[in-house]
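Examining the three-dimensional arrangement
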Amino acid sequence: MKFFKIRVFTSKIVVKQELSRQNLPVPRRILLVSISILLAVLPVSSASSATNPHNHKIVDTFAEGVGGNSEVYAIPDEIVQKIVSNTSDVNYLQSRQYCDSYTTGACALPTNGVSMRLYLPVCTSAISSLCIEGVEVSDQNSNGLIAGKNLGLVDGKTYAGVPATGLPEGAAPSRWQVPGVKHSGGADNYAVKVLIDAFKTNASKKIWIFSISSIVEPYVESNVKNVLGEISCTSWRIGDTCAKRVDFAEKQRIALTLHLPNTLTGWLNGRLKDSKIAVTPIDAEQNKLRVEADPVLVPEVDVSLTDEQFNSLPNPSFFLTQGQSWNSVNAGNPVALEWIRQLAGVMKDTASGEHSTWAFSSAGNNGGGDCLGDKTRLIGLVTTNAAVYSPGAPDFQDGYLNYQVGGLHYRSDGKTLTLGTYDLLIRSDAARCLYRYTSAPLSATVSVTKESGGTEVVATSILDEKDGWLHLGAYGFTFSRPILKVKLNGTPQQVLSNNNPKPATTTTSKVKDFTFTCVKGKQVKKITAPKIQCPFGWKKK
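Definitions and limits used
- Residues numbered from 1 in each chain as written.
- Predicted model: local features only at pLDDT ≥ 70, side-chain atom pairs only at ≥ 80, totals over all residues.
- Heavy atoms only, no water.
- Helix = DSSP H or I, 4+ residues; strand = E, 2+ residues; numbered from the N terminus.
- Buried < 20%, exposed > 50% of the residue type's maximum accessible area, 1.4 Å probe, protein only.
- Contact = heavy atoms within 4.5 Å.
- Areas by Shrake-Rupley, 256 points an atom, 1.4 Å probe, with all protein chains shown as cover.
- Pairing = 2+ DSSP bridges.
- Core = buried A, V, L, I, M, F, W, Y, C linked by side-chain atoms within 4.5 Å.
- Phe/Tyr/Trp six-rings, centres within 6.5 Å; stacked < 30°, edge-to-face > 60°.
- Lys NZ or Arg CZ within 6 Å of the ring centre and 35° of its normal.

1. Observations concerning the overall build of the protein chain
Helix and strand counts for the protein chain come out as five helices and 37 strands. Buried positions account for 54% of the 541 residues belonging to the protein chain. Taking all contacts inside the protein chain whose residues are at least 6 apart in sequence as the whole, residues at least 24 apart take part in 73%. Accessible surface, the protein chain: about 22,200 Å² in total, of which carbon and sulfur atoms supply 50%.

Written out as C-alpha cells, the structure reads:
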C-alpha cells in the first residue's frame, strides 16, 4: 500500500509572494515586498514512492528553525539603480558577490551598490535608526505591558554599520527577558526577529527597503546534547544551548517598537488581533513604529494519506507536477485556497492542531486610487488568524474593502468550530477619502460572503478611532473560504466645486505587474509581481 503524507501548517512571520501553478488563475497584485527566503514550492521524491512520505506545507514565515545570519552582497550599481526604480527584467543573482563586510571585497568598490538581508539590531546610543527600541509583554492577569530587558544576540553573522555612507548595522535575532511575565513554557524569555531586505546605490545614503518582517517568539532553553533525536532548536541556537519555540500564555498582549526609515510605506499584514498602531516621526528621515496586539491562535493541518485516500481527493494531480509532489505553498499565495478545497473532505474539515503566534510584515497596495495608493506613508494594517489569506492589502471594489481568507471548519477535536479573527486598521483620512465622507463619526458593517453563496453578517462596530487611525474588528466568523467585506457608513461630503480636488475613484487601480518564472535546481515557481526579481538562491528562467 502506497503512503502519502500531506502537512499544512502556519507559523511565525508572514512572507509575501504570488505564485501560480497548473495555469490556475492568480489575481494581479501590487506588491511592495517579496521576501527572499520564501519556502514556496519544494519538490520531494516521486509520488510513486512507497517508502518516503510526501510532506506538504503551507508556510507563511521567514524564521523556520535557528538561522540568524545577516547577509550582504555587492551588485553593480547600475543594476541596483534599475531595481530601485522598478525597471523591468532585472536579474541580479548571477552578478552579485558575497561580502564579509561592507568595507572589503566587492562591496568596497565604488562601482557597486549593495543588496542587504539584515536582522535589525537593538537600538543603542550609537545605533538609533533601523533598530529595535524594545518589546513589551503583558501577563495573564492583564496587569499591563512590561518592558523587556535585552539579553543579547543569538549565533549568526553580523555586519558593522558604516554611518558615513548610510550602511546600517546587520545583527542577529535578539533575546529578551520580561521579568515575571511567563509564557506557556513557564519561562519569561522571548526572541525578537526583525528582518529586512533592502538595497542601496553607491550614489546615495538612503536605504530602499524591499520588505520587512517581524516576530516575537516565546521560547524555552535546553542543551543540544541532551535532546538528540528531537528537533528542538526551533527558535535559535548559541553553541550547545538550544531554544525551542512555544506558545504564548492565554490573555498575553505584546507591543514591539521599531525605528524605521519613513520610506517604508503602504500596508502591513500579519498574525495579530485587536491591533493598535502608532507612527511617530523621529526626524526628517525616520519614524518610530509601534505595533501593539494580542497573538492569534492559528490552525494547523497535518494529515497522512494512504494511496486510496490520496486518489480520492477532488483532483490528486493538483499536487503532482512532472512526477514530483508539490509539498509547500505560501499561506498568502492565492492558490493556497485550493489546497484547503482539496484537503477539506479527506480531513473531515478538521484541523490537526493549533499554535499561537504574533507577527507582522509589509504588504502591497491593491487599489483604491489615490486614497489607498499613497506612497509617502503607511496606510494600514490587516491581520487574521486564517490558515490562508490574501497576499496584500484589501481590495476596494464597489464600495467594499474585500479580503479573502480560508481555513478548515473545525478545531482538532472535530466538534468545536474554528472561529476567525479579522482586524483592519486604516488611516481615518484614507477611509473617508474612499467613501467621500466628512469628518463626522463613522459606523461600519462587516459581512462574510460564503463560497456557497450565503452571507453572514458579523456584529461589529468602530472599536477605536484615535490619533488618526480607524480600527475595525470582526471576530467569530466561520470558515471555509469566506470573503470579508467591510462597508463604512458616514456623512457624505457636499457636491464638489470646481476648486475642490477630484475624489478618488472606487475602481481598482491598474498597475503593471510582470509574470516570470524562477528556478532552483529542479524546483520551478511562477511569480507575478511589479518587479522581475527572483528570491535569493533562485534564478530567472
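2. Regarding helix 3 (residues 336–344)
Among the nine residues that make up helix 3, eight are buried, leaving the element largely enclosed by the rest of the structure. Looking at helix 3, one finds that the buried residues are Ala336, Leu337, Glu338, Trp339, Ile340, Gln342, Leu343 and Ala344.

3. Observations regarding the sheet that holds strand 16 (residues 254–261)
The sheet built from five strands is open, its strands ordered 9-8-16-19-18 with antiparallel pairing. Two strands close off the open sheet at either side, each with one partner strand: strand 9 (146–147) and strand 18 (273–281). As judged from the six bridges shared by strand 8 (residues 131–137) and strand 16, these two strands associate in the antiparallel manner. Its bridge partner being in strand 16, Ile132 is matched across the sheet by Leu258.

4. Re the pairing of strand 19 (residues 286–294)
In this sheet, strand 19 lies alongside strand 16 in antiparallel orientation, the contact comprising eight bridges. Across the sheet, the residue bridging to Leu258 is Leu289, located in strand 19. Both strand 18 and strand 19 contribute to a ladder of seven bridges, which runs antiparallel. Bridge pairing links Lys273 to Asp294 in strand 19. Hairpin connection of strand 18 to strand 19: four residues between the antiparallel strands.

5. Describing the side chain of Ser275
Along the polypeptide, Ser275 turns up in strand 18. The contact partners of Ser275, leaving out residues within four places of it in the chain, are Glu292, Ala293, Leu381, Thr383, Asp423, Leu425 and His471.

6. Side note on the nonpolar core
Nonpolar side chains in soluble globular proteins generally cluster together in the buried interior. Leu372, Tyr422 and Leu488 are the most contacted members of the largest nonpolar core, which totals 54 residues. Contacts of Leu488, omitting those with residues within four sequence positions, involve Ala431, Tyr435, Tyr437, Leu442, Ser443, Ala444, Leu470 and Leu472. Membership of the second largest hydrophobic core comes to 48 residues, among which are Ala74, Ile212, Leu268 and Phe360.

7. Focus on the environment of Leu151
Secondary-structure assignment places Leu151 in strand 10 (residues 149–153). As for Leu151 and Tyr190, which are separated by 39 residues in sequence, their C-alpha atoms are 9.8 Å apart. If near-sequence neighbours (up to four positions away) are discounted, Leu151 is found in contact with Arg175, Trp176, Gln177, Asn189 and Tyr219.

8. Focus: the environment of Asn141
Its location among the elements puts Asn141 in the loop between strand 8 and strand 9. Along the sequence, Asn141 and Lys251 sit 110 residues apart, while their C-alpha atoms lie 7.6 Å from each other.

9. Notes on the packing of aromatic side chains
Two aromatic rings are characterised by how far apart their centres lie and by the angle between their planes. Tallied over the full model, the rule gives 15 aromatic pairs. Pairing Phe199 with Phe210 gives two aromatic rings, centres 6.0 Å apart and planes at 75°, and the pair type is edge-to-face. Here Phe199 is found in strand 12 (residues 189–200), whereas its partner Phe210 is found in strand 13 (residues 208–223), with 11 residues between them in sequence. Measuring from centroid to centroid gives 5.6 Å for Tyr403 and Tyr422, while their planes differ by 20°, and the two rings are stacked. Placement of Tyr403 in strand 28 (residues 400–406) and of Tyr422 in strand 29 (residues 419–427) is noted, with a sequence separation of 19 residues between them. Take Tyr403 and Tyr422: they sit in the same class, and that class is buried. A cation over a ring is seen here: Arg175 above Trp236, with NZ or CZ 5.5 Å from the ring centre. A cation over a ring is seen here: Lys273 above Tyr475, with NZ or CZ 4.9 Å from the ring centre.

Purely spatial values, then, with no claim about function.
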